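Examination of the molecular architecture
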Amino acid sequence: MHILTQLHTLNVNLNSSPLKKMNTNPSKNTATLLITCPDSKGIVAAIAEFLYQHNANILHADQHQDAENNLFLMRVEWDLAGFSLATNDFEAHFAAIAQRFNMQWQLNLSQKPLRVAIMVSQYDHCLADLLHRHKNGELACDIPLIISNHRDTEALAKFYGVDFHYIAVTKDNKAAAEAAQFALFDQYQIDLIVLARYMQILSPNFVARYPKQIINIHHSFLPAFIGAKPYHRAFERGVKLIGATAHYVTEVLDEGPIIEQDIDRISHRDQVEDLIQKGRDLERVVLSKAVRWHIENRILLYANKTVIFD
């Protein structure tokens, strides 16, 4: 696999806006480093020695080698208490190791949680689940914004104290509607966009504007039954298993890197309505896992695949 030339992304979101902010775990003060590079000897030793030299207490470390693509992927998280290197200086000090191993890397801080926008249409089950988990502290992020092309979920957003913006979308105003959405993402300083059953196809411009920053829940076990009404087509096909898939959004419909999937067994007694109900239970769980793994910096992407670190 062709490896991009050295890329340094210091992903430290300052969140200086006076907008709604809530650190769901204020006691946690850690840094997480994600690394992708060509596989070679000495990578783990070099990283461990670098962190040791700066008095880091490593809490979690996980790695994966892809022999076919000659790739090494790693996630390491450490406690910032006692860490002797200021995070603003991390890039300059880590540069020598990154250059030596031709690394792509990013650094994330738990004290600067991601800001998440949720987009939804009329079905509210995934939205309600995400908001409930966030309120209970399961999702360590800020959720300041909900955007919908219907008003059905406005009361739910108000109940959880999240700003709700209704933006109608038609085939004639799609570009203008997306421009209004972009303005809101900028205003609220959004880092991640979650499509919680948002029943609109995003334009190529939308997808290109937020690469690897859009997570969608699709109500089938991809790659089966892409597109609209997958439960109806599953029923017509007489399948014995249905599923749900959370994936990153790319320009090709429902073919982005898969983050999480789950399935449930059905029988000849189940009608379309039964498939839909069982599917909604799957959708909630699958989407919440995908969002949690993303905001906890447990995902690395390559070759239209994902590696999910424990």
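A brief structural summary. Keep in mind the model is a prediction, meaning the values are calculated, not measured. (Residues numbered from 1 in each chain as written. Predicted model: local features only at pLDDT ≥ 70, side-chain atom pairs only at ≥ 80, totals over all residues. Heavy atoms only, no water.)

A short note on the pattern of salt bridges
Cut-off, in case you're wondering: What makes a salt bridge here is a side-chain nitrogen of Lys or Arg within 4 Å of a carboxyl oxygen of Asp or Glu, nothing more. Secondary structure elements follow DSSP: runs of H or I no shorter than four residues count as helices, runs of E no shorter than two count as strands, and numbering proceeds from the N terminus. Between buried and exposed lies partly exposed: a residue is buried under 20% and exposed over 50% of the maximum accessible area for its type, with that area taken using a 1.4 Å probe on protein chains only.
Summed over all chains, the structure comprises twelve salt bridges. Between lysine 28 and glutamate 77 there is a salt bridge whose closest N-O contact spans 3.2 Å. Highlighted residues: lysine 28 in the loop between strand E1 (7-9) and strand E2 (30-38) and glutamate 77 in strand E4 (residues 71-79), separated in sequence by 49 residues. Residue lysine 28 is classed as partly exposed on the basis of its relative accessible area, which comes to 34%. Among the ionic pairs, arginine 292 bridges to glutamate 296, the shortest N-O distance being 3.9 Å. Accessibility expressed as a relative area gives 28% for arginine 292, which makes it partly exposed. The class of glutamate 296 is partly exposed, set by a relative accessible area of 22%. Each of Lys28, Arg75 and Glu77 takes part in salt bridges that share partners, so that together they form one network.

A look at the packing of aromatic side chains
We count it as follows: Classification of ring pairs rests on two measures: the distance between centres of Phe, Tyr or Trp rings, Trp counted by its six-membered ring, which must be within 6.5 Å, and the angle between planes, read as stacked under 30 degrees, edge-to-face over 60 and tilted in between.
Counted under the stated rule, the structure contains 13 aromatic pairs. Ring centres of phenylalanine 50 and phenylalanine 94 lie 5.3 Å apart, and the angle between their planes is 70°; on these two criteria the pair is classed as edge-to-face. Placement of the pair is phenylalanine 50 in helix H1 (residues 43-53) and phenylalanine 94 in helix H2 (residues 90-101), with a sequence separation of 44 residues. For phenylalanine 50, a relative accessible area of 5% puts it in the buried group. Ring centres of phenylalanine 185 and tyrosine 210 lie 5.4 Å apart, and the angle between their planes is 90°; this geometry places the pair in the edge-to-face category. Highlighted residues: phenylalanine 185 in helix H5 (residues 174-187) and tyrosine 210 in the loop between helix H6 (204-209) and strand E10 (214-218), separated in sequence by 25 residues. Each member of the pair, phenylalanine 185 together with tyrosine 210, is buried. Among the aromatic residues, those joined into a ring-pair cluster are Phe50, Trp78, Phe83, Phe90, Phe94 and Trp105.

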